[in-house]
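Architecture at a glance
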Amino acid sequence: PNYVYDNQIPKVLPVKDQNIIGLIYFGRIAPNKNIDVILDTFEILCQRHDNIRLTIIGGVGQRKAYAQMIDQRIMTSRYKEKIKRMGITPFDEIKEIMKYQHFFIFPSKEKAEGHSNSLNEAMSQGLIPIVSDYHFNRSIVGDDRFVVSGFSPDLYAKKIEALISQADMPELSRQVWERVKENYTYEKVNERIVREIRTI
C-alpha cells in the first residue's frame, strides 16, 4: 500500500460550505487518467445544478496533445468561469485548496494503477472519492458508494448527485479520513511491512 506521512493529515477536518460543491482532480493530465470524463461529468452536473465548481491541478503527462486538448476544452467551456485550472503545484498548496473541496474525481484507467498517491492524499484530507472500478481503487476506498463501473460521465454525475442528495457528506468525509489514518499512514504501512518481513 501507499502511505501519507502522519503529519500531513489534519487533526480535525474543516467544516465545509455545503451550498457550493467542489470537485477536484490533481495528478498527471494524461489520457489514462480520463480528465475528459471529469470535464464531461462536471458539465452534466452544471446543466442540472448552479452550485458545482471544478478544480484541475497537474502537469502534462505522457501526451502533450491530450493536455492541450483538455486546456482548450476548459477555455471554451460554457462553464469556464466555474473551472480553476492549475499546473504543477506544491502539495502544501493543494492541501489548502482541498479544505474547500468535497469530491476527488478519479476515473482512472491507468494500466499500472496501483495505490494512487493522489487518491490516498485526497482521502487523507477528507475528500470523498469517486473512482473507477479499476485495479485497486475499490479496495482502497472501501465503500461501493464511491465506485463507478465503467467510464460513462453520466454514471459519475449520478453517483455524485446521489451522495449530495441522500448522504451525510460530512460523515462520509470523516469516514475516508479515518480509513487513511487506520490503514494508509506511514506509521501503519511501515508496521505492516516490518511484520511481514519478520515472518520470512
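Details of the structure are given in the entry above.
Everything in this summary refers to the structure shown in the same document. (Residues numbered from 1 in each chain as written. Predicted model: local features only at pLDDT ≥ 70, side-chain atom pairs only at ≥ 80, totals over all residues. Heavy atoms only, no water.)

**Some details on the overall build of the protein chain**
Of regular secondary structure, the protein chain possesses 8 helices and 6 strands. Start at the N end of the protein chain and walk to the C end: the helices and strands fall as β-α-β-α-β-α-β-α-β-α-β-α-α-α. Compactness check: the protein chain gives a C-alpha radius of gyration of 17 Å against a globular reference of 16 Å for 200 residues, within 12% of the reference. When the backbone C-alpha atoms are referred to their principal axes, the protein chain occupies close to 55 × 35 × 30 Å. Relative to its 200 residues, the protein chain shows a buried fraction of 47%. Considering only contacts in the protein chain between residues 6 or more positions apart, those separated by 24 or more positions represent 77%. As displayed, the protein chain has an accessible area near 10,300 Å², and 51% of this comes from carbon and sulfur atoms. When the 29 basic and 26 acidic side-chain charges of the protein chain are each reduced to a single mean position, those positions are 3 Å apart. (Helix = DSSP H or I, 4+ residues; strand = E, 2+ residues; numbered from the N terminus. Rg over C-alpha atoms; globule rule 2.2 N^0.38 Å. Buried < 20%, exposed > 50% of the residue type's maximum accessible area, 1.4 Å probe, protein only. Contact = heavy atoms within 4.5 Å. Areas by Shrake-Rupley, 256 points an atom, 1.4 Å probe, with all protein chains shown as cover. Lys, Arg positive; Asp, Glu negative; His and termini not counted. Charge placed at Lys NZ, Arg CZ, Asp CG, Glu CD.)

**Section: the packing of aromatic side chains**
Under the definition given, this model contains 8 aromatic pairs. Consider the rings of Y3 and Y5, whose centres lie 5.5 Å apart with planes at 75°: the pair is edge-to-face. Note on Y3: relative accessible area 34%, which makes it partly exposed. Centroid distance F26 to F104: 5.2 Å. Interplanar angle 55°. Geometry classified as tilted. Pair noted here: F26 is in strand 1 (residues 21–26) and F104 is in strand 4 (residues 103–106), with a separation of 78 residues, a long-range link. Three or more aromatic residues link up through ring pairs in this structure, and these residues are Y25, F26, F104 and F106. A cation over an aromatic ring shows up here: K181 above the ring of W177, its NZ or CZ 3.6 Å from the ring centre. (Phe/Tyr/Trp six-rings, centres within 6.5 Å; stacked < 30°, edge-to-face > 60°. Lys NZ or Arg CZ within 6 Å of the ring centre and 35° of its normal.)

**Quick look at the pairing of strand 1**
Judged by how many residues are buried, strand 1 sits mostly within the fold: 6 of 6 residues are covered. Going residue by residue along strand 1, you find I21, L23 and Y25 tucked away on one face and G22, I24 and F26 tucked away on the opposite face as well. As defined by bridge partners, strand 1 adjoins strand 2 (residues 52–57) across 6 bridges and the pair is classed as parallel. For I24, the partnering residue across the bridge sits in strand 2 and is T55. Handedness of the crossover joining strand 1 and strand 2 through helix 1 (residues 35–48) is recorded here as right-handed. Note: strand 1 against strand 4, 2 bridges, orientation parallel. The residue bridging L23 from the neighbouring strand is F103, located in strand 4. (Pairing = 2+ DSSP bridges. Right-handed = clockwise from strand over helix to strand, strands pointing away.)

**Focus: the pairing of strand 2**
The buried count for strand 2 comes to 5 of 6 residues, which makes it a mostly enclosed element. Pairing analysis gives 4 bridges linking strand 2 to strand 3 (residues 83–86), with the strands arranged parallel. Paired with L54 across the two strands is I83, which belongs to strand 3. After leaving strand 2, the chain enters helix 2 (residues 64–76) and then returns to the sheet as strand 3, a path that is right-handed.

**Some words on unusual backbone geometry**
Although it is not a glycine, N34 sits at a positive phi angle of roughly 55°. Mapped onto the elements of the fold, N34 is located in the loop between strand 1 and helix 1. We classify N34 as buried; its relative accessible area is 4%. We note that H135 has phi near 50°; this positive angle belongs to a residue other than glycine. Take H135: it is sitting in the loop between strand 5 (128–132) and helix 5 (137–141). Take H135: its relative accessible area is 48%, and that puts it in the partly exposed class.

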